[in-house]
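Listed below, chain by chain, are the residues.
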Amino acid sequence: MVGTQATKAPPSLLYMVKQVELIVRSRLDELVKPSGITALQYTALTVLERHDGLSAAQLARDSFVTAQSIADLVRSLESRGLVRRERNPRNRRELLILLTDAGRELLDRHAGPVRELEERMVGDLTTHQAEQFRRALSRSWHALS
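Residues numbered from 1 in each chain as written. Predicted model: local features only at pLDDT ≥ 70, side-chain atom pairs only at ≥ 80, totals over all residues. Heavy atoms only, no water.

**Student:** An account of the overall build of the protein is needed here, citing residue identities and associated values.
**Tutor:** Looking only at helices and strands, the protein has six helices and two strands in total. Ordered by position from the N terminus, the helices and strands of the protein form the series α-α-α-α-β-β-α-α. On the principal axes, the C-alpha backbone points of the protein span a range of 75 × 30 × 30 Å. In the protein, which comprises 145 residues, the share counted as buried stands at 27%. Counted over contacts in the protein with a minimum sequence separation of 6, partners at least 24 positions apart contribute 47%. Carbon and sulfur atoms form 55% of the exposed surface of the protein, whose accessible area is close to 10,600 Å². Averaging the coordinates of the 22 positive side-chain charges in the protein and doing the same for the 18 negative ones gives two points 5 Å apart. (Helix = DSSP H or I, 4+ residues; strand = E, 2+ residues; numbered from the N terminus. Buried < 20%, exposed > 50% of the residue type's maximum accessible area, 1.4 Å probe, protein only. Contact = heavy atoms within 4.5 Å. Areas by Shrake-Rupley, 256 points an atom, 1.4 Å probe, with all protein chains shown as cover. Lys, Arg positive; Asp, Glu negative; His and termini not counted. Charge placed at Lys NZ, Arg CZ, Asp CG, Glu CD.)

See below:
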């Protein structure tokens, strides 16, 4: 094949999504590290901000961690005073995980920098393209879940 160049296939969408996930997680870890938490812990706190009073299983699912690892994550957040657990009044055997005022304050402190990270991620897109991207990601997630 002298004189011709083989064209390489573009990377798969799965590979590209994983690349975005890894860089976002790395940047998020950098942002929240001064507060003594990880990106995974921050994610769990944001889930509780949207849906306070979840069971450990629900929090694990919505935070993208295993049921086994959520116990350690919640214990760590609870020891820092960022979450608390209380009995579910409808099912006394179940503990619900709730965001504390300290947890809300931590989220408030990071809201601006996290928003800036998201804006940087879509900074080369128009507002319309960014909204299309958001919808496409949502539809992709629903298709697989």
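**Student:** Which residues make up the pairing of strand β1 (residues 83-88), and what values do they have?
**Tutor:** The pairing of β1 with strand β2 (residues 91-99) spans six bridges and is classified as antiparallel. Directly across from Arg85, in β2, lies its bridge partner Ile97. Once β1 ends, the chain turns through two residues before running back antiparallel as β2. (Pairing = 2+ DSSP bridges.)

**Student:** Tell me about helix α2 (residues 39-50), and please be specific about residues and values.
**Tutor:** Between its first and last C-alpha, α2 extends 17 Å over 12 residues, near the 16 Å set by a 1.5 Å rise per residue. The set of residues buried in α2 consists of Ala39, Gln41, Tyr42, Ala44, Leu45, Thr46, Val47 and Leu48. (Expected span 1.5 Å × (residues − 1).)

**Student:** So, a negative patch on the surface: which residues are in play, and what are the values?
**Tutor:** Together, Glu49, Asp101, Glu105 and Asp108 make up a negatively charged patch on the protein surface. For the negative patch, the leading source of residues is helix α5 (residues 101-121), giving three residues. Its place among the elements puts Glu49 in helix α2. Judged by its relative accessible area of 42%, Glu49 falls in the partly exposed class. (Patch = residues over 30% accessible without salt bridge, like charges linked within 9 Å, V, L, I, M, F, W, Y side chains within 5 Å. Salt bridge = Lys/Arg side-chain N within 4 Å of Asp/Glu carboxyl O.)

**Student:** So what's going on with the side chain of His110? Which residues, and what values?
**Tutor:** Locating His110 in the fold gives a position in helix α5. Residue classification places His110 among the buried positions, given a relative accessible area of 7%. Those residues in contact with His110, other than ones at most four positions away along the chain, are Leu31, Val32, Ser35 and Tyr42.

**Student:** Just give me the short version of a nonpolar patch on the surface, but keep the residues and values in it.
**Tutor:** Side chains of Val20, Ile23, Met121, Leu125, Phe133 and Leu137 sit close together on the surface and give an oily, nonpolar patch of about 470 Å² of accessible area. Every element with two or more residues in the nonpolar patch is listed here: α1 (13-32) and α6 (127-144). By the secondary structure assignment, Met121 is in helix α5. With a relative accessible area of 41%, Met121 lands in the partly exposed category.

**Student:** Could you give an account of the nonpolar core, with specific residues and numbers?
**Tutor:** Judged by nonpolar contacts, the single largest core of 24 residues is most densely connected at Ile37, Leu45, Leu59 and Leu77. Mapped onto this core, the elements with two or more residues apiece are α1, α2, α3 (56-63), α4 (67-79), β2 and α5. Sorting elements by how many residues they give to this core places α2 first, with six residues. Excluding anything up to four places from it in sequence, Leu45 contacts Ile37, Leu77, Leu82, Val83, Leu99, Leu106 and Leu107. (Core = buried A, V, L, I, M, F, W, Y, C linked by side-chain atoms within 4.5 Å.)

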